[in-house]
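# Architecture at a glance
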Amino acid sequence: MNIRLIALAALAAVGTAHATSLSPAQIDAARGVDLKEVRIYGASAQTPALAAYMADICGAMDTYRIGTDHVAYACVTTKDAKTGSQGYAAGTKLLVVKRDAGGSAWGVTPVAAELPEKSLLVNVANCGTGYVPGGSTACLSTATQMAVPHAGISDVEPALHVAPFTVNKVKGVYLNLPAGVDDGGLPWAPPVKVTAMDTAALGQTAFGVAVSPALYAKLQAAQGTTGVPTVGRAQVAAVLAGYVRAAAGYAGWSALTGDVADDAKTVVICRRTAGSGTQAASNAFFLEVGALTDTATGMLEPLTTATAPVNAFDTSIPGVSVYHGSGTGNVLTCLTTNPGSAYALGVVTGERDDSATTWKFVKIDNAEMTTANMRKGLYPFVYTSSMQWNKAENLTIGRDKAMMGFLGHVRANAANVNFLATAPVPRVLALPSHWSNTTESCASATGNNALYGSCVERLDYGSVYNPASFLYGLAASKNYKTNSAAPLRQVR
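The paragraphs below set out a description of the structure included in this document. (Residues numbered from 1 in each chain as written. Predicted model: local features only at pLDDT ≥ 70, side-chain atom pairs only at ≥ 80, totals over all residues. Heavy atoms only, no water.)

## Focus: the pattern of salt bridges
Scanning the entire structure with this criterion turns up 10 salt bridges. K218 is paired through a salt bridge with D262; the nearest N and O atoms lie 2.8 Å apart. Here K218 is found in helix 7 (residues 213-223), whereas its partner D262 is found in the loop between helix 9 (254-257) and strand 15 (267-272), with 44 residues between them in sequence. The buried category is assigned to D262, whose relative accessible area is 3%. Residues joined by salt bridges that share partners form a network here, namely D28, R31 and E37. (Salt bridge = Lys/Arg side-chain N within 4 Å of Asp/Glu carboxyl O. Helix = DSSP H or I, 4+ residues; strand = E, 2+ residues; numbered from the N terminus. Buried < 20%, exposed > 50% of the residue type's maximum accessible area, 1.4 Å probe, protein only.)

And the structure:
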């Protein structure tokens, strides 16, 4: 009798734990009836914060994946998710689909132009086999559909992705858009206008300079340290623009290592493909792409090759091997498998952990990429991500006022200090406006504010989101626009 009661209690506990999750069969049954399906495309750095947000409004939920490129969260919500009176009430059957593949540009142009792109399709046929109730389910690698995104996330503001530049007297060069065509066969350039979107800041992300194992060891030896060595911002800029290559008569690796013998080594640049938010941030920080608009005035062009093969080493430029990684994982592969005795350097988002890897982050101008440093502006390679959607309703794709109210709730809450405390993401911070209270300063911050609250920002002073009385966006919406061309400023 006691054993039977214990078994029944255990079953009841399991049922309670998964009561709010949504299986593929339940999703199929609810689709077209009472399921709210929201598609968000773009930057991956904020996806962990989105997952924490969903866990908060869901309780138990189901996660569906195709590798690292596509993820979806499904549940019956246990909390309201509204902006004002608009949004989704507790008890809503909700499926949020996030596309990380391709990077930030996919959260800009396809959103603004409402273009269908590949997206995870959760159903029994695609995700039913191996379904893990309340856990993470691997869907078929072919489990995609062509669908229009409802919103997008980018590592930098959309305007930087679609901005044209003048490179070596050639006008209209789009350095921060992908080459070629999108999933639907449409060219990326010239881009659509992004001014019709509701665009505002989401969270802050650090980016870091990562180097290959051999280069890390050589820098340590040259600087007489067993800790984290440093590189100069100017040195990294020269590497990324192709001006560190002895074979062309420029400086060689000895400019960083102090050993002239290193000038004979190939310079391996592990970069992301154009369209990546990481690449856009790297272009802005090191090469002044955005702060300047023309190479004639001092902007540097990121080094690429004529064919720019994806996820492959291209040695067509003497003394240099350029690797265009489609994702962060590919850049890390470049750092650890670079050819022969070459040294490799690249830019990687800071949420990656290098504690148990052979590749390593280095300091920039003696500033180490720690959360404590970045929140106070002592580590400068920090940019603010953006979340955006078209302001007008489009009932054909399902973007109604209720959905936009939900999206506003996501933007206002997904990267605040309390969510980041629930599910910490290395080197991702809440905005200065997203602290748990408005009275603490950077010096007096306590609790989660002191751990995850940023005190700095790259403000867009011309934005209506930043009236002079709200320096860091403490308006009713708690959202504001940023300008990646601006320097970091202490605002709290």
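Moving on from the coordinates now.
## Here we look at the state of the cysteines
Inspection of every chain in the model, using the stated rule, returns 4 disulfides. Paired by a disulfide, C127 and C139 hold their sulfur atoms 2.1 Å apart. The sign of the 110° torsion about the S-S bond sets the C127-C139 disulfide as right-handed. Of this pair, C127 sits in helix 5 (residues 124-127) while C139 sits in the loop between strand 8 (136-138) and strand 9 (144-147), and the two are 12 residues apart along the sequence. The disulfide bridge from C442 ends at C455, spanning 2.1 Å between sulfur atoms. Note on the C442 and C455 pair: the S-S dihedral is about 85°, so by sign convention the disulfide is right-handed. Of the two residues, C442 sits in the loop between strand 21 (428-429) and helix 15 (447-452) while C455 sits in the loop between helix 15 and strand 22 (456-457), which places them 13 residues apart along the sequence. Across the chain, the disulfide pattern expressed with sequentially numbered bonded cysteines is 1-2, 3-4, 5-6, 7-8. (Disulfide = S-S within 2.5 Å.)

## With respect to the packing of helix 3 (residues 47-58) against helix 13 (residues 401-413)
As a packed pair, helix 3 and helix 13 sit with axes 10 Å apart at the nearest point and diverge in direction by 115°. The two elements helix 3 and helix 13 meet at a crossing, and its hand is right-handed. Contact residues: L50, Y53 and I57 in helix 3; F406, H409, V410 and N413 in helix 13. Here the contact of helix 3 with helix 13 is composed, by residue class, of 5 nonpolar, 2 polar and no charged. (Axes fitted to C-alpha atoms, helices over the stretch in contact; angles between N-to-C directions. Left-handed = near helix turned anticlockwise from the far one by under 90°. Contact = heavy atoms within 4.5 Å. Nonpolar A, V, L, I, M, F, W, Y, C, P; charged D, E, K, R; others polar.)

These results come straight from atomic positions and should not be treated as a statement about function.
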